Amino acid sequence: MPIRAVLFDVGDTLWHADGAPPPVEFRRRAAERAAAFLAANAVHAPDPGALARACWDAMEHAMRSARAGDLVEPDYPAAAQDAAARLGVHLSREAAAAFLDAIYVSGAEGGKLAYPDARPTLETLRQRGFRLAIVTNRAFGGERFRADLRDAGLDIGWDAIAVSVEVGYLKPHPRLFFAALEALQIHPAEAVMVGNSLAEDIAGAQRLGMRAAWKRSRPDADGVIPDFTFDRVGELLNWSLLAEAARVH
Ligand SMILES: [Mg+2]
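Residues numbered from 1 in each chain as written. Predicted model: local features only at pLDDT ≥ 70, side-chain atom pairs only at ≥ 80, totals over all residues. Heavy atoms only, no water.

**Digging into the environment of Leu 7**
Thinking step 1. When you line up the elements, Leu 7 lands in strand E1 (residues 5-8).
Thinking step 2. In sequence terms Leu 7 and Pro 22 are 15 residues apart; their C-alpha atoms lie 31 Å from each other.
Thinking step 3. With residues near it in sequence (within four places) discarded, Leu 7 still touches Ala 133, Val 135, Ala 180, Leu 181, Leu 184, Ala 191, Val 192, Met 193, Val 194 and Met 210. (Helix = DSSP H or I, 4+ residues; strand = E, 2+ residues; numbered from the N terminus. Contact = heavy atoms within 4.5 Å.)

**A short note on the pattern of salt bridges**
Thinking step 1. Per the counting criterion, the structure on display carries 18 salt bridges.
Thinking step 2. The closest approach of N and O atoms between Asp 9 and Lys 171, which form a salt bridge, is 2.9 Å. Linking Asp 9 in the loop between E1 and strand E2 (15-16) with Lys 171 in the loop between helix H7 (164-167) and helix H8 (174-184), this pair joins segments that are 162 residues apart in sequence.
Thinking step 3. Residue class for Asp 9 comes out buried when judged on its relative accessible area of 6%.
Thinking step 4. Residue classification places Lys 171 among the buried positions, given a relative accessible area of 1%.
Thinking step 5. Look at the salt bridges and you will find they share partners, linking Glu 25, Arg 28, Arg 29, Glu 32, Arg 33 and Glu 109 into a network. (Salt bridge = Lys/Arg side-chain N within 4 Å of Asp/Glu carboxyl O. Buried < 20%, exposed > 50% of the residue type's maximum accessible area, 1.4 Å probe, protein only.)

**A look at helix H6 (residues 142-151)**
Thinking step 1. Regarding H6, the residues found buried are Phe 145, Asp 148 and Leu 149. Projection of H6 onto a plane perpendicular to its axis shows the buried side chains occupying an angular sector of 100 degrees, all on one side. Across H6 from its buried face, at more than 90 degrees, point the exposed residues Glu 143 and Asp 151.
Thinking step 2. Just beyond H6, the residue with positive phi is Gly 153, at close to 80 degrees. (Arc of directions from axis to C-beta.)

**Re the packing of aromatic side chains**
Thinking step 1. Per the counting criterion, the structure on display carries eight aromatic pairs.
Thinking step 2. Consider the rings of Phe 228 and Phe 230, whose centres lie 6.3 Å apart with planes at 25 degrees: the pair is stacked.
Thinking step 3. Residue class for Phe 228 comes out buried when judged on its relative accessible area of 19%.
Thinking step 4. Taking the relative accessible area as the measure of exposure, Phe 230 reaches 0% and is therefore buried.
Thinking step 5. Clustering of aromatic rings is evident, with ring pairs tying together Trp 56, Tyr 104 and Phe 140.
Thinking step 6. In this arrangement the basic side chain of Lys 215 is found over the ring face of Tyr 115, its NZ or CZ atom lying 4.2 Å from the centre. (Phe/Tyr/Trp six-rings, centres within 6.5 Å; stacked < 30°, edge-to-face > 60°. Lys NZ or Arg CZ within 6 Å of the ring centre and 35° of its normal.)

Dropping the structure here:
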């Protein structure tokens, strides 16, 4: 089957955070925002920074467990709510969700920068007639993620965006890939996946019959053989499957 679409991972594939502030600075900003959020919502907490840290750690712990387990996207607000309760702070589930959103330092502020050849490569692929989609594991979706894409200059009018927290499953679960494939109305064999994780991007896509290109990173799985390996995003344009214009039909 001819290739008609390219699905992309985002983190360390299209953008990176090499210039991100150090963790201590993230924590300082999160604590500041936590204090502002709690004051605005008339919630008393003796140490807003400790509350922010506990809620964030609970969210990350839930994500790590899911990634090592059933790949069902966890209920992050509920995890944060429990963590707050352990510190004696009562938050409704809605308030816990808003609190996580408030303390999340993202986008350009979080040091996210697109690789310099990412956007030109996406534009060339589009000129060649390929449809372009995102398949990403992230705990924050919605407008927040779209705004981060805009800030990074990666708002190219994606044909489909599948975010784990919106779909309910984490890569390499097939459901997240199928969310993008179904939105594009194509068969897995008509798409390729591009990502930096052997375990999540490459193996996940290959299991569904997609071919997959690996942006070389520290290997996170044994025995996974990518169909193409590259270091700079622009090298994708030389992959035989993408080197010629997509056959439109
Ligand atoms: Mg990645």
